[in-house]
Amino acid sequence: MRLPLLVTLCAASALAAGCDGENGVRISSSTTSSDAKGVLKVVETLQCPETLGVLTRKGTAEAGGTVCNYSGPRGAEVSIHLVALDSEPVDTILARFQSLLAADMPRTSEDLRASADADRARIAADAARIQADAARAEADTARATAESATDERVTVQGPGMDINSQGDQADVRLPGLQVKADGDHARVRIGGFSINADDSAGTADIHSSDDSVSIQAHDDAAEIRTRAPGDATRTTYMLTDSRPADEGWRLVGYEARGPVGGPLVIAMVRAKDRDSDGVFDSAKDLVTLNVGE
């Protein structure tokens, strides 16, 4: 149960600070109120400095000052866009940018989509199994008394603690933490996060209770979304994979911010290193320069 164990330990000990797995995927979360970040600016023309962080501007601003292109280490590319909302909802615009980026890593996108479909099928199967398990509860109790010592039931109880384990099944309840494990499957609830892990399929899904963070991982690929609360737009999208796409990309994504009513400032990132060599951070700084934090 390597994946459930990894996810459980990371969730229990360091979800807020981050979790570095052996495959180099780092998942972290921090919460900052939108009020503390200040009011986002209404932008008419992009500010495109010649250099910022690890980025170097390519040429001059295009499309009347609404698009600037940058290059970064190892062939990384960043483009920053000023997008008016007009009559389009913010989510429609962001979905279009996400589709453009996902098309740069089609194999990764397809694998994660197939993994999500399989997860939904497993959830339906789990619901049916729970009903069947309830019907067999009495028989299971009788059978448990006859199990061998190698499948011995272990129960630990104390103030705020309730741990039950039998064979490859475990139910752990601690203050702020719940873990249910069954073979290769593990479900973890910690704070405002829920984690579903499946070692046999190599998948892990992480969601926050307010939908501000959503992470789907499959083998060495991950899709990450974050969205700050409030009416203004502050959102991040990232798609990563240890396997390079045909053009060498291992990370694509965007940082998008804008006040209520727009326009949006969106930085699109493409990098050939999963750690992005500081490219994503520089892209965020470029957005901050234009619209604020």
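Residues numbered from 1 in each chain as written. Predicted model: local features only at pLDDT ≥ 70, side-chain atom pairs only at ≥ 80, totals over all residues. Heavy atoms only, no water.

### Focus: the side chain of Ser282
To be explicit about the condition: Working definition: helices are DSSP H or I runs of at least four residues, strands are E runs of at least two. Numbering for both runs from the N terminus. Buried, partly exposed and exposed residues are distinguished by accessible area as a fraction of the type maximum, computed with a 1.4 Å probe on protein chains only: under 20%, between the cut-offs, and over 50%, respectively. Note on contacts: a residue pair qualifies if any of its non-hydrogen atoms lie within 4.5 Å across the two residues.
Assignment of secondary structure puts Ser282 in helix H6 (residues 279-291). We classify Ser282 as buried; its relative accessible area is 5%. If we skip the residues at most four places from it in the chain, Ser282 touches Leu52, Gly53, Val54 and Leu55.

### Focus: the packing of aromatic side chains
Put simply, the test is: Paired rings are identified among Phe, Tyr and Trp, the last through its six-membered ring, by centres lying within 6.5 Å, and are further divided according to the angle between planes into stacked (under 30 degrees), edge-to-face (over 60) and tilted (the rest). Should the NZ of a Lys or the CZ of an Arg lie within 6 Å of a ring centre and within 35 degrees of the ring normal, that charge is described as sitting over the ring.
Here the structure, examined in full by the defined rule, presents one aromatic pair. For Lys272, the ring lying beneath its charged end belongs to Trp249, and the centroid distance is 5.4 Å.

### Topic: the environment of Thr236
For the record, the criterion: Between N or O atoms, a polar contact is any pair within 3.5 Å; within protein, one atom must be a potential hydrogen donor and the other a potential acceptor, and residues adjacent in sequence are included only when both atoms are from side chains.
Relative to the helices and strands, Thr236 resides in strand S16 (residues 233-241). Look at Thr236 and you get buried, because its relative accessible area is 13%. Distance in space between the C-alpha atoms of Thr236 and Thr226 is 5.2 Å, their sequence separation being 10 residues. Engagement of the side chain of Thr236 in a polar contact is seen with the side chain of Glu255, the distance being 2.5 Å.

### Concerning the pattern of salt bridges
Where we set the bar: For this analysis, a salt bridge means a side-chain nitrogen from Lys or Arg found within 4 Å of a carboxyl oxygen belonging to Asp or Glu.
This structure, assessed with the given rule, holds nine salt bridges. Across the pair Arg96 and Glu88 runs a salt bridge, and its minimum N-O distance is 3.0 Å.

### A word on the environment of Ala267
Here Ala267 shows up in strand S18 (residues 264-271). C-alpha separation for the pair Ala267 and Lys284, spaced 17 residues apart in sequence, amounts to 7.3 Å. Excluding its chain neighbours within four sequence positions, the residues that come into contact with Ala267 are Ser79, Ile80, Gly253, Tyr254, Glu255, Ala283 and Val287.

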